[in-house]
There are 4 protein chains.
Amino acid sequence: MKREANFWVLGGDQRQVALANALAEDGHRVRVWALEEGELAEGVEPAGTLEGVRRADCVILPLPVRGEGERLNAPLCPEPRTLDQTLARLGPEQYICGGRMDDLTAALARRYGLTVHDYFTREELAVANAVPTAEGAVQIALEEMGVTLHRARALVLGYGRVGRLTAHRLAALGARVSVAARRYDALAWAEAYGHDTLRLDQLSGYLCGFDLVVNTVPVRVLTGELLAQLRSGCLVIDLASTPGGVDLQRAAELGTRCVWALSLPGKVAPVSAGLAIRDTVYNMLQEKS
Amino acid sequence: MKREANFWVLGGDQRQVALANALAEDGHRVRVWALEEGELAEGVEPAGTLEGVRRADCVILPLPVRGEGERLNAPLCPEPRTLDQTLARLGPEQYICGGRMDDLTAALARRYGLTVHDYFTREELAVANAVPTAEGAVQIALEEMGVTLHRARALVLGYGRVGRLTAHRLAALGARVSVAARRYDALAWAEAYGHDTLRLDQLSGYLCGFDLVVNTVPVRVLTGELLAQLRSGCLVIDLASTPGGVDLQRAAELGTRCVWALSLPGKVAPVSAGLAIRDTVYNMLQEKS
Amino acid sequence: MKREANFWVLGGDQRQVALANALAEDGHRVRVWALEEGELAEGVEPAGTLEGVRRADCVILPLPVRGEGERLNAPLCPEPRTLDQTLARLGPEQYICGGRMDDLTAALARRYGLTVHDYFTREELAVANAVPTAEGAVQIALEEMGVTLHRARALVLGYGRVGRLTAHRLAALGARVSVAARRYDALAWAEAYGHDTLRLDQLSGYLCGFDLVVNTVPVRVLTGELLAQLRSGCLVIDLASTPGGVDLQRAAELGTRCVWALSLPGKVAPVSAGLAIRDTVYNMLQEKS
Amino acid sequence: MKREANFWVLGGDQRQVALANALAEDGHRVRVWALEEGELAEGVEPAGTLEGVRRADCVILPLPVRGEGERLNAPLCPEPRTLDQTLARLGPEQYICGGRMDDLTAALARRYGLTVHDYFTREELAVANAVPTAEGAVQIALEEMGVTLHRARALVLGYGRVGRLTAHRLAALGARVSVAARRYDALAWAEAYGHDTLRLDQLSGYLCGFDLVVNTVPVRVLTGELLAQLRSGCLVIDLASTPGGVDLQRAAELGTRCVWALSLPGKVAPVSAGLAIRDTVYNMLQEKS
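No experiment lies behind these values; they were computed from the predicted model shown.

**Q** Explanation requested: the overall build of chain A in the structure shown.
**A** When helices and strands are tallied, chain A shows ten helices and twelve strands. Its C-alpha atoms give chain A principal-axis dimensions of roughly 65 × 40 × 35 Å. Here chain A, with 289 residues, has 55% of them falling under the buried criterion. In chain A, of all internal contacts separated by at least 6 residues, the share reaching a separation of at least 24 is 57%.

**Q** Whenever I open this one, the interface of chain B and chain A confuses me. Can you help?
**A** Size of an interface: often given as the accessible area lost when the parts come together. Across the boundary between the two partners, chain B contributes 20 residues, which contact 20 residues of chain A. Those elements giving two or more residues to the side of chain B that touches chain A turn out to be helix H4 (123-144), helix H5 (161-172) and helix H10 (270-288) of chain B. No other element matches the seven residues that H4 of chain B contributes to the side of chain B that touches chain A. Looking at the side of chain B that touches chain A residue by residue, the class counts come to twelve nonpolar, five polar and three charged.

**Q** Please explain the relation of the copies chain B and chain A as it appears in this structure.
**A** The relation between the two chain copies is a rotation about an axis coupled with a shift along that axis. The two copies are related by a screw motion: chain B maps onto chain A through a turn of 180° and a shift of 0.0 Å along the axis, at an RMSD of 0.0 Å. The superposition of one copy onto the other is thereby described by a two-fold rotation axis.

**Q** When you look at the packing of helix H1 (residues 14-25) of chain A against helix H10 (residues 270-288) of chain A in this model, what are you seeing that I'm missing?
**A** When two helices pack together, their arrangement is captured by the angle between the axes and the distance separating the axes. Residues and elements named next belong to chain A. For the pair H1 and H10, the least separation of the axes is 7 Å and the interaxial angle reads 55°. When the axes of H1 and H10 are compared, the pair comes out oblique. Between H1 and H10 lies a crossing whose hand is right-handed. Across from Gln-14, Arg-15, Gln-16, Val-17, Ala-18, Leu-19, Ala-22 and Leu-23 in H1, the residues of H10 making contact are Pro-270, Val-271, Ala-273, Gly-274, Leu-275, Ile-277 and Arg-278. When the residues that make up the contact of H1 with H10 are grouped by side-chain class, the tally is ten nonpolar, three polar and two charged.

**Q** Just checking my understanding: could you explain unusual backbone geometry for this structure?
**A** Excluding glycine, most residues fall at negative phi; most peptide bonds, likewise, are trans. Omega for the peptide link from Thr-242 of chain A to Pro-243 of chain A comes to 10°, which places this bond in the cis form. In this structure, the amide linkage connecting Leu-63 of chain D to the following residue, Pro-64 of chain D, adopts the cis form with an omega of -5°. Here Pro-64 of chain D lies in the loop between strand S4 (58-60) and helix H2 (83-87). Positive phi outside glycine occurs at Ala-34 of chain A, with the angle close to 65°. Following the sequence through the fold, Ala-34 of chain A ends up in the loop between strand S2 (29-33) and strand S3 (44-46). Accessibility expressed as a C-beta count within 10 Å gives 26 for Ala-34 of chain A, which makes it buried. Positive phi, close to 75°, is recorded for Arg-151 of chain B, a residue that is not glycine. Its place among the elements puts Arg-151 of chain B in the loop between H4 and strand S7 (153-157). Using a count of 17 C-beta atoms within 10 Å as the deciding quantity, one classes Arg-151 of chain B as partly exposed.

**Q** What am I meant to see in the sheet that holds strand S11 (residues 235-238) of chain D here?
**A** Two orientations exist for strands paired in a sheet by backbone hydrogen bonds: parallel and antiparallel. All names here are of chain D. Read from one edge to the other, the open sheet built from six strands follows the order S9-S8-S7-S10-S11-S12, with strand pairing classed as parallel. The two strands at the open ends of the sheet, each matched to only one other strand, are strand S9 (196-199) and strand S12 (257-260). Here the average twist between neighbouring strands, direction ignored, is 20°. Two strands pair when backbone bridges link them, and strand S8 (residues 176-181) and S9 are joined in this way by four bridges, in the parallel orientation. Across the sheet, the residue bridging to Ala-180 is Leu-198, located in S9. Contacting strand S10 (212-215), S11 and S12, helix H4 (residues 123-144) crosses the sheet at an angle of about 155° to S11. Lying over the sheet, helix H6 (residues 184-192) contacts S8 and S9, oriented at roughly 170° with respect to S8.

**Q** Quick question: what am I supposed to make of the pairing of strand S1 (residues 6-10) of chain A here?
**A** In the case of a regular strand, side chains alternate between the two sheet surfaces. Residue and element names in this part refer to chain A. Burial runs high along S1: four of the five residues are buried. This β-α-β element, S1 to H1 to S2, shows right-handed connectivity. Note that S1 and strand S4 (residues 58-60) share three bridges and pair parallel. Following the sheet pairing, Val-9 is matched in S4 by Ile-60.

**Q** So what exactly am I meant to see when it comes to the environment of Ala-56 of chain D here?
**A** Residue and element names in this part refer to chain D. Along the chain, the position of Ala-56 falls in the loop between strand S3 (44-46) and S4. Taking the C-alpha atoms as reference points, Ala-56 and Gly-91, separated by 35 residues in sequence, lie 9.8 Å from one another. When near neighbours in sequence (up to four residues on either side) are disregarded, Ala-56 contacts Asn-6, Phe-7, Trp-8 and Gln-94.

**Q** Would you mind going over the sheet that holds strand S8 (residues 176-181) of chain A with me for this structure?
**A** Residues and elements named next belong to chain A. With parallel pairing, six strands are arranged side by side in an open sheet as S9-S8-S7-S10-S11-S12. The open sheet has two edge strands with one neighbour each: strand S9 (196-199) and strand S12 (257-260). Within this sheet the neighbouring strands show an average axis-to-axis angle of 20°, counted without direction. Packing of helix H4 (residues 123-144) onto the sheet brings it into contact with strand S10 (212-215), strand S11 (235-238) and S12, and relative to S11 it is tilted by some 155°. Each of strand S7 (153-157), S8 and S10 touches helix H5 (residues 161-172); the most contacted strand, S8, lies at about 165° to it.

**Q** Would you take a moment to explain helix H3 (residues 103-111) of chain C for this structure?
**A** Residues lying three or four places apart along an α-helix face the same way, a consequence of the helix completing one turn every 3.6 residues. Residue and element names in this part refer to chain C. Taken residue by residue, H3 has Thr-105, Leu-108 and Ala-109 as its buried positions. Take H3 and look down its axis: the buried residues cluster within an arc of 100°, on one side only. Exposed and oriented more than 90 degrees from the buried face of H3 are Asp-103, Ala-107, Arg-110 and Arg-111. Against helix H2 (83-87) and strand S6 (116-118) lie the buried residues of H3. Count one or two residues on from H3 and you reach Gly-113, which has phi positive near 75°.

**Q** Would you take a moment to explain the confidence of the model for chain A for this structure?
**A** Note that predicted coordinates carrying low pLDDT should not be read in detail. Confidence in the prediction for chain A averages 96 pLDDT; 99% of positions are at 70 or higher. For this predicted complex, the interface confidence reaches an ipTM of 0.94, while the overall pTM sits at 0.95.

**Q** Is there a simple way to think about H4 of chain B in this case?
**A** Counted at 1.5 Å a residue, the expected span for H4 of chain B with its 22 residues is 32 Å, and the 31 Å between its end C-alpha atoms agrees. Taken across its 22 residues, H4 of chain B has 18 buried, putting it largely inside the fold.

Rules used in this analysis
Residues numbered from 1 in each chain as written. Chains lettered and ligands numbered in written order. Predicted model: local features only at pLDDT ≥ 70, side-chain atom pairs only at ≥ 80, totals over all residues. Helix = DSSP H or I, 4+ residues; strand = E, 2+ residues; numbered from the N terminus. Buried ≥ 20, exposed ≤ 12 C-beta atoms within 10 Å, placed from the backbone. Contact = placed C-beta atoms within 7 Å. Nonpolar A, V, L, I, M, F, W, Y, C, P; charged D, E, K, R; others polar. Least-squares fit on C-alpha atoms with pLDDT ≥ 70 in both. Axes fitted to C-alpha atoms, helices over the stretch in contact; angles between N-to-C directions. Parallel < 35°, antiparallel > 145°, perpendicular 65-115°, else oblique. Left-handed = near helix turned anticlockwise from the far one by under 90°. Pairing = 2+ DSSP bridges. Right-handed = clockwise from strand over helix to strand, strands pointing away. Arc of directions from axis to C-beta. pLDDT = per-residue confidence, 0-100. Expected span 1.5 Å × (residues − 1).

Listed below in structure tokens is the structure:
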């Protein structure tokens, strides 16, 4: 983004605050609306109304765009704002982007002739978000374990974005990391990065040695049968989105400590998560031009 | 420790529990006293009295040995135990060890003709304890910072045991680490491990770029003047023992977030800290024989 | 591979020797043919003829299968062996695998009704081979540079398999690594692993700071114009297969030191390369069953 | 070194060339003598005679100062220069430094009333030199081993400067590193940096698993008895200075591949080694003032 542009940032949480501040610091003109309680940097102009939003080069909607019901997701705005009152003010000629578009929001956008580009579907944002997610997993492990990660035996289930970066960080802190994955090439990658490997479908019988298990696979991988094989004191962190990869009821019955951690980027590092959105929006604008 | 020995573990916190459990797991005979509320592993025998303690090959006192006043440090014992009633039962012919002996305890030991070997003065324990301390510093940084450690700019003051291992872990997590030390050889080591370096006595003017400052130097390094140079939002973690390396009053006035973290090993990883005491005691017994 | 199987290994170089030895060490029955000058481990039986090869559960042809002309690739065999005399002895019912099948060999195999499974097309072998390739690049850099890799500024062009593992190793040795790639998600991965990033199509003007450039992109990336921007003394290592990514003629004119390194795995670590083929063949047999 | 100074660099090899070039690049006035065949950077003035050397703020003698017999160590000078003709021209009031002073040179210096400060005895230079030494060990391992360092089992004997940095690099490249040392605190450091540990005096019986052994201990550690326990194919690299740590005659009899590598910094990375001398000289001048 070499050219100075005119951005409007509408709604959202601390990530959107960081995003707006960073845009301003990069020299762009930035106005925000429905972010009243955010701590804005110098140069970011709060707008009381959406007057003038049609002149924006780029309008950035929050992540996710929709809050409860038909509201705009705007936790830092004291008054509820509806999606309808927001989208109605935007124009079909504008470059609009938002995160994690759902059917209801998409239908509403269509009604007003708007095209909303979803930054959350971009691979580079998914990779960038895997960094704070992995750090969040490390933080939970440090908080919950009575032994150091150094020399702990850790098992990471899945070797996609989050699995890779989590395994990397655990190993960097001195843990002895094993990775379980389904595909041979994923296992080859894990081995190339120095981890031991297990077949994800052949975990039974190999679980008793671990002090920590981090799941990243979004299907029920840790069944009751497998949970029962974990050593007493083993910590389980589940990073998989709903319905999660762990049989939580069975874990509770077995007394297994289990932390189900969702949406870590916005919680553990909102500023970094906001900067990642900014970089992605820049890429989208670059590709458009 | 190849030969099976007869250990008594007296008082202490979760570290002593882990120590007793590990000794038993290694095949030794282990009795504990004044650890009533600890979760003991199979094979560890709780003793209601000190009857038979004179037959121990090795008696292990807690870290520190002395609690409040003239009491034995025994937070897991519901009833207070005095140092006097403890030491009076031990014999001059026994191998007794304890952590962080103070003058009062030493005087009392002398009165009964006892030699108490201080495991806390051993260099290998100090190094081993630096690991959980460094992990604790990482945990605090992850909890308190709004940006990821990945790509954060971190400054570590001092490059002794804790400084080295903390810098190593921060860099492993992707932070850009600078190390400030006084001695040229310490700076050369920091550089050999890949860190940037600063002269500890020439920090002024170089501080504004950092997101995180971790102090390990036990003198007032971060004066008010230097604190005022930190960027807004920079987190300061002080790992230095009393009186600490940070002018906390000035930090409060400036609104600098500052966490003074003491005695991390016992807090963040009591089990690992207990295992480190075990290893050190083994070394001491090995040297004796 | 839990079941004991009957393998024949035909032709090939030191990788095939290591492969045969490793199969025998795993408890399989192994016969080799056209590997006369290899140092065979105990249990590997050299066969003077192909008598009995039809009883093999799995026949392993070399990498590549074809040598000069219509010969079997068999540098460790003192007498030339033709592909025809080799394939004519195998049966359509057998599991046959070979590396880097070409049209001529495939046509010949079809004539005899054989199915040859190409292990070289398997992703897990490509990943595994990227490890010795990356180590080979490091070796060349260590041999050719007058400065240490520690603190050197290195640029890796491309962030596929070889680019990733090479960047990882250079950074692990203390180099300051930048990665140039075309795709935004590749750049996000490079950043997530701690490297600085450049756009591959915008290198001009950013090259003068590097001590080392490693190319992994199989198109002419380092044009004469870009080569002219490199600092005097910068080393260029080209790992890209024919036609290579560097304008070698222009490099020679400019006096740029340039090493074009091909087929590193078999050269720098034949034993590891052979073990990788073994693992891949095991996976193929596993999938078949 | 903020003030511009007047340096003379006398004799030496490529390290002294790099040193002179770097001093000039830092803005100092630099004259060189007895370095005729070196490739000098712009700004470095070759001197045909020592005329004017008395006006130098700092005179830098080579490493080592003395060559064969009573000659100045000056391999890049086509004509032999004696120590006597060199030192006779310098003055007692000058700051003179040199590397690895021996008795003969010291006596000669005393005769002329000169004080020669030995930069080679400085701890920071020893640490800095351990970096290219460790890289040299890695290079030899990459060149000589048929398996990748990735996943290789490596044993480092000794955990001083070179042992630490070599173990660090081998582990960074994916080797599974064990460290053997004598002192408990050295073992604790090795463990804190993630390595497995062995007692140096209890190696017998633990050697058969290693693919690589790197010795850094300057006494005969690898006796014939221990060498006989190494697996066939294990590579031994001896970095210890004369008389070396390996029974080379016995190694030859056993067919053990053994590389005795001395003076690596000047061989593998003369430029970095020269920069390290420059930094050390700067520190010495700083302390003086």
